[in-house]
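Chain by chain, the residues run as shown.
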Amino acid sequence: MNVLLKKYFQIFKTSFNQEFAYRLSFVMWRVRNVLQVLVALFLWDTIFSGDRNELFGYDRNKILTYVLGLVFVKAFVLSARSQDVAGEIARGEIINNLLKPVDYFKYWLTRDVSSKVLNLVFAVGEFFLLYLIFKPPFYFQENIFQIFLFSVSICLAIFIYFSILFIVNTIPFWAPELAWGGHFLITVIMVEFLSGIFFPLDILPDKFLNILNFTPFPYLIFFPLQIYLGKISGFSAIKGIFVCVSWVLILLFLMKFVWQKGLKVYQVYGR
Amino acid sequence: MRASVNNTVVVNGLVKNFEVTEKEPGFLGGMKSLVSPQKKTVQALKSISFNVESGELIGFIGPNGAGKTTTLKILSGLLYPTSGFVQVLGFEPWRRDQKFLKQISLVMGQKNQLWWDLPARDTFELNKAIYEIPDTEYRENLSELVKILEVEDLLGTQVRRLSLGQRMRMELIAALLHKPKVLFLDEPTIGLDVLAQQKIRDFIYDYNKKYSATIILTSHNMDDLIDLARRVIIINKGKILFDGKLEDIISKFAKDKIIRVYLDKSVDVKRFSEIGEIRKYNFPLVVISVPREVSAVAAAELLQNFPVRDLTIEEEPVEDIIRRVFKEDYIK
């Protein structure tokens, strides 16, 4: 095997083992995810239980698919280990990794991928469990091109989230006491509300959605799911992908920039 | 300054300033420092210069906040120097060139590189991949290190379950698997009991001899340096006070000699104070310190006028001298 490949495969493996060291807390985290999905499933199911066929442009099938689809898309996009970096910086532990002959970003991207793989394995299991128990209607996208665009948008979303996380991670370079606060505000509150986890964003007023579409947040969850559901297709899908790519480039550049700045002011705390 | 071929480390006129934000206590103070931060510049290193030759084992000694760790962090590439020239193995450390990083290692007594929830073996395997160590070399290095440090049975134990001493030994293994040419050790014996300290010390000594690796260590544990380092750099408040052989500290700083007298019968202690400063009186032993120049005269006088059974003249212990150097530096 190629030396470089070996290097990152070993990082992947070690990170995977580490997640398994906390089996119980991982399982609890997945249980929490399932409960969230259950709540959303019941809520939307109740809303559509009358003779209402369509709401906000969603029929029962599509809205329940949206909710179930969240399980996958969240596992793909939002499961990450690199949120630990802020703590590493604040505690000064980052020095161990800074002095290793390995690219720091690629190191954490690899660890993120290992977290994503683990979460995906569970997500598949949960999906089938939910599917078997509740037999919800599920919309299967059959258009190959739509599925292709969906995969592309997921990949881009992974990079958007990675760079957002890393930009937030740099806060402790300047203010070590804000390591957790920054994450809570930006990656928990902002991402949860603005990415479409709580509800599909197109139930919001058009004006608001139009503004939101210029931010990177909808492209994390909402946009890929819309493509899967076929609600965004053709020209508007391509346009969306283009906006995604622009955000990836902007954020990655910004990430490298603040990271370099941060390292320069960093005083390697903890003695 | 031109670097000679033999110089692994070249430091010339190195200055490091830190910007520190002053924060008043309490919530209001915190808010205030957020709105209008009161910045203060702290000079951690005030233009220091020294060279280290390949294969040397040198010790940095100084009280807390002297600048020892800052120096180490700059040499290993963690901190950017404010000004001055720094070169390690021909590289500028702060660039953190991968070729440079593959040849060095930094061990900090208070920072773990081992993965806390996994057995130490997992971290070793990871380092093997990251440092691209070939299989056979890895196996040889590991089995040798594990044997010398006596941790054969602990490789599969979760790191969090290891004792501090065992963990420190594992940290050393993790840092040495890739056979670094330069090893930086920051307080390697901190928090360890005397026996564990000795084990680490013996290992460092042997490692330096066997692989002629350049080792730079900091410590405020005097024993570390007296046991290990042939060359010592005394640093305080960002300035180098002494750089040279341990023995030379004595000729440079020792003003007194120590006379130990064993008496035949008890004598009034006060009579000794005419000769020198009484350090200790515990019949039959009296310890007096006298200025170097007059030590012979003092000894003669003691032999003549006191019931002396035995008498020795000794140098002041190194740790006492160093302690005094720091104290005097504080007074200045």
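Residues numbered from 1 in each chain as written. Chains lettered and ligands numbered in written order. Predicted model: local features only at pLDDT ≥ 70, side-chain atom pairs only at ≥ 80, totals over all residues.

1. Describing the overall build of chain B
In plain terms, the rule: Runs of E in the DSSP output that reach at least two residues are strands. Runs of H or I that reach at least four are helices, and both are numbered from the N terminus. Neighbour counting defines burial: a residue surrounded by 20 or more other C-beta atoms within 10 Å of its own C-beta is buried, one with 12 or fewer is exposed, and intermediate counts give partly exposed, using backbone-placed C-beta atoms.
Per the secondary structure count, chain B includes 11 helices and 13 strands. If you line up chain B on its principal axes, its C-alpha atoms span 75 × 55 × 50 Å. Here chain B holds 332 residues, and the buried ones make up 37% of them.

2. Some details on the overall build of chain A
Our working rule: When we talk radius of gyration, it's over C-alpha atoms, and the globule rule is simply 2.2 Å times the number of residues to the 0.38.
In terms of regular secondary structure, chain A is built from 12 helices and 2 strands. Its helices and strands taken in sequence order, chain A reads α-α-β-β-α-α-α-α-α-α-α-α-α-α from the N to the C terminus. The C-alpha radius of gyration computed for chain A amounts to 20 Å, which stays within 12% of the reference 18 Å derived for 271 residues, consistent with globular compactness. Projected onto its principal axes, the C-alpha positions of chain A cover 65 × 40 × 40 Å. Within chain A, the fraction of its 271 residues that count as buried is 36%.

3. Some thoughts on the interface of chain A and chain B
Many authors give the size of an interface as the accessible area that is lost as the parts come together. As a reminder of what qualifies: By definition, residue pairs are in contact when their C-beta atoms, positioned from the backbone, come within 7 Å. In this classification, Asp, Glu, Lys and Arg are treated as charged, Ala, Val, Leu, Ile, Met, Phe, Trp, Tyr, Cys and Pro as nonpolar, and every other residue, Gly included, as polar.
Taken together, the contacts link 23 residues of chain A with 26 residues of chain B. Breaking the side of chain A that touches chain B down by element, the ones donating at least two residues are α1 (3–21) and α5 (94–98) of chain A. At 9 residues, α1 of chain A tops the list of elements feeding residues into the side of chain A that touches chain B. Taken together, the residues of the side of chain A that touches chain B break down into 9 nonpolar, 8 polar and 6 charged.

4. Remarks on the domain arrangement of chain B
As a reminder, the rule being used: The domain boundaries here were taken from an automatic or database domain assignment.
Taken as a whole, chain B is organised into domain 1 (55–85 + 93–250) and domain 2 (256–315). Placing a centre on the C-alpha atoms of domain 1 of chain B and another on those of domain 2 of chain B gives a separation of 44 Å.

5. Considerations on the sheet that holds strand β11 (residues 277–282) of chain B
Residue and element names in this part refer to chain B. Keep this limit in mind: At least two DSSP bridges between two strands are required for those strands to pair. Angles here are taken between N-to-C directions and fall from 0 to 180 degrees, while the axes themselves are lines fitted to C-alpha atoms, restricted in helices to the stretch in contact.
Spatially, the 4 strands line up as an open sheet ordered β11-β12-β10-β13, and their pairing is antiparallel. Because the sheet does not close on itself, it has two edges, and the strands there are β11 and β13 (308–315). In this sheet, adjacent strand axes meet at a mean angle of 20° when their direction is disregarded. Two strands pair when backbone bridges link them, and strand β10 (residues 256–263) and β13 are joined in this way by 7 bridges, in the antiparallel orientation. Paired with Leu263 across the two strands is Val308, which belongs to β13.

6. Structural notes on the nonpolar core
The condition is simple: Nonpolar core, as used here: buried Ala, Val, Leu, Ile, Met, Phe, Trp, Tyr and Cys residues forming one set through C-beta atoms within 7 Å.
Of all hydrophobic cores here, the largest spans 135 residues; its most connected members are Val77, Ala157, Ile160, Tyr161 and Leu220 of chain A together with Ile173 and Phe184 of chain B. Among the elements that line this core, the one with the most residues is helix α7 (residues 144–169) of chain A, at 14 residues. Residues in contact with Val77 of chain A, not counting those within four places in the same chain, are Ile154, Ala157, Ile158, Tyr161, Leu220 and Ile221 of chain A. Core analysis: the second largest hydrophobic core is formed by 10 residues, Ile258, Ile288, Ala298 and Ala299 of chain B among them.

7. Observations regarding unusual backbone geometry
All names here are of chain B. Between Phe283 and Pro284 the backbone carries a cis peptide bond, its omega angle lying at 5°. Along the chain, the position of Pro284 falls in the loop between β11 and β12 (285–291). Positive phi is not limited to glycine here, since Glu132 has a value of about 55°. C-beta crowding within 10 Å serves as the criterion here: with 15 such atoms nearby, Glu132 is assigned to the partly exposed category.

8. Observations regarding the packing of helix α4 (residues 84–91) of chain A against helix α9 (residues 179–194) of chain A
Residues and elements named next belong to chain A. Applicable threshold: Any angle from 65 to 115 degrees is called roughly perpendicular, while one under 35 is roughly parallel, one over 145 is roughly antiparallel, and all others are oblique. In this scheme the handedness of a crossing depends on how the near helix is turned from the far one: anticlockwise by less than a right angle means left-handed, clockwise means right-handed.
Packing of α4 against α9 brings their axes to within 9 Å, and their N-to-C directions diverge by 160°. Taken as axis vectors, α4 and α9 run roughly antiparallel relative to one another. Seen from above, α4 lies across α9 with right-handed handedness. Between α4 and α9, the residues in contact are Ala86, Gly87 and Ala90 and Ala179, Gly182 and His183, respectively. For the contact of α4 with α9, the class distribution of residues is 3 nonpolar, 3 polar and no charged.

9. Concerning the pairing of strand β1 (residues 7–22) of chain B
A regular strand carries its side chains on alternate faces of the sheet. All names here are of chain B. One ladder, built from 13 bridges, connects β1 with strand β2 (residues 38–53); its direction is antiparallel. If you follow Thr21 over to β2, its bridge partner there is Lys39. With 5 bridges joining them, β1 and strand β4 (residues 83–88) adopt antiparallel strand pairing. Residue Val9 lies in a different strand from β4, and its bridge partner there is Val88.

10. A short note on the sheet that holds β2 of chain B
All names here are of chain B. Taken in spatial order, the 3 strands of this open sheet run β2-β1-β4, and their pairing is antiparallel. One side of each edge strand has no neighbouring strand; the edge strands of this open sheet are β2 and β4. The mean angle between the axes of side-by-side strands here comes to 30°, regardless of whether they run parallel or antiparallel. Along the sheet, helix α2 (residues 68–76) makes contact with β1, β2 and β4, crossing β1 at roughly 120°.

11. Things to note about the packing of α1 of chain A against helix α4 (residues 120–130) of chain B
One can describe the packing of α1 of chain A onto α4 of chain B by two numbers: an axis separation of 8 Å at closest approach and a directional angle of 160°. When the axis of α1 of chain A is compared with that of α4 of chain B, the two are roughly antiparallel. Handedness of the crossing formed by α1 of chain A with α4 of chain B: left-handed. Across the interface between the two elements, Lys6, Lys7, Gln10, Ile11, Thr14 and Asn17 of chain A from α1 of chain A touch Asp122, Glu125, Leu126, Ala129 and Ile130 of chain B from α4 of chain B. For the contact of α1 of chain A with α4 of chain B, the class distribution of residues is 4 nonpolar, 3 polar and 4 charged.

12. A look at helix α11 (residues 222–229) of chain A
All names here are of chain A. Most of α11 sits out of view: 8 of its 8 residues are buried. Where α11 is concerned, the buried positions are Phe222, Phe223, Pro224, Leu225, Gln226, Ile227, Tyr228 and Leu229. Where α11 is buried, its residues contact α3 (60–77), α7 and α12 (234–265). Directly beyond the C-terminal end of α11, a positive phi value near 80° is found at Gly230.

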